[in-house]
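The primary structure of each chain is shown beneath.
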Amino acid sequence: MTSNQLFEKIENSSPIDFGDIFSKSIELFKKVWVQGFVHLLISFAVMIPLLLILYIPLFAVIGVTGLESGFKDYAPPSEELSIGLILLYVVLAILISMVAGALQFGITAHFYRVCRQVDLGFSENSSYFMFLKGKYLGKIITLSIAIFGISILAMLLCYLPLLYVMVPLQLLGVIFAFNPDVSVSDLVKASFKLGNKIWLIAFGLIFIASILSQLVGMVLCFIGVFFTASFIYLPIYFMYKDTIGFEDGEAQTSNTLFVE
């Protein structure tokens, strides 16, 4: 699908129905909850090493000797050195956050494709890391930087705009998943264009799905959260399907695209 076709479909899309999308999301969740759990485990597998890297500078500053002696013989660095280390740590934290965000973005995008395969009755045969290599890797990194920048700007504007941009940023993942060859700028424009059109219902669906996934997970002895976490993505998938939809040729080749 080209950028012009994408914008045209958004412009001509019909209103979405809250109840219809919510009920379809529950039915699809019954079929994809295992895949949702697998994607969550993959996310943990790639995120945890990145998060552990953040502790390396802390151990370098504190020192192994200081840890073993309970800090009794530890001499803190000078003020200038402390400021420099803090700035270095902040830069490192930002870089790791963006890399982690890009990896999570790519894994979530693949989950949307799994949702389509199951929803349309195709076999699940695409690679979990299909978006984390080749030409798509650079694109998801750029999209991750864009999401980070938009979020920071929204927070600087007294946080309230963050509620508004939350919907377009959530839609950005599913739009990319089914239109990976569209340029980054057009993907962002499309997400805001669609977000503006369905914002109220989309916000309600995302909010309810998030609360429900957490409550049901906590009822299931808290560990259930790991199995219900993916439910939040299903209304977003159906928002895309019911507004932009899939081209006939794209749907027919869905089960052979990006096969490893």
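Higher on the page you've got the structure.
Residues numbered from 1 in each chain as written. Predicted model: local features only at pLDDT ≥ 70, side-chain atom pairs only at ≥ 80, totals over all residues. Heavy atoms only, no water.

Structural notes on the overall build of the chain
Item 1. For the chain, the helix and strand inventory stands at 11 helices and zero strands.
Item 2. Every one of the 260 residues in the chain was classed for burial, and the buried ones make up 40%.
Item 3. Total accessible area computed for the chain in this model is approximately 13,600 Å², and 71% of it derives from carbon and sulfur atoms. (Helix = DSSP H or I, 4+ residues; strand = E, 2+ residues; numbered from the N terminus. Buried < 20%, exposed > 50% of the residue type's maximum accessible area, 1.4 Å probe, protein only. Areas by Shrake-Rupley, 256 points an atom, 1.4 Å probe, with all protein chains shown as cover.)

Quick notes on the environment of I145
Item 1. Of note, I145 is situated in helix 6 (residues 135-156).
Item 2. Residues I145 and S97, spaced 48 residues apart in sequence, show a C-alpha to C-alpha distance of 9.8 Å.

Topic: the packing of aromatic side chains
Item 1. Overall, the coordinates contain 20 aromatic pairs when judged by the stated rule.
Item 2. An aromatic cluster of at least three residues, connected via ring pairs, comprises F178, Y237, F238, Y240 and F246.
Item 3. The ring centre of F246 lies 5.0 Å from the NZ or CZ of R116, which sits over that ring. (Phe/Tyr/Trp six-rings, centres within 6.5 Å; stacked < 30°, edge-to-face > 60°. Lys NZ or Arg CZ within 6 Å of the ring centre and 35° of its normal.)

Things to note about the environment of Q214
Item 1. Within the secondary structure layout, Q214 lies in helix 8 (residues 184-219).
Item 2. Taking C-alpha positions, Q214 is 7.2 Å from T228, a pair spaced 14 residues apart along the chain.

Some thoughts on the packing of helix 7 (residues 160-178) against helix 8
Item 1. With their axes 7 Å apart at the nearest point, helix 7 and helix 8 run at an angle of 115° to one another. Viewed along their axes, helix 7 and helix 8 form a crossing whose handedness is right-handed. (Axes fitted to C-alpha atoms, helices over the stretch in contact; angles between N-to-C directions. Left-handed = near helix turned anticlockwise from the far one by under 90°.)

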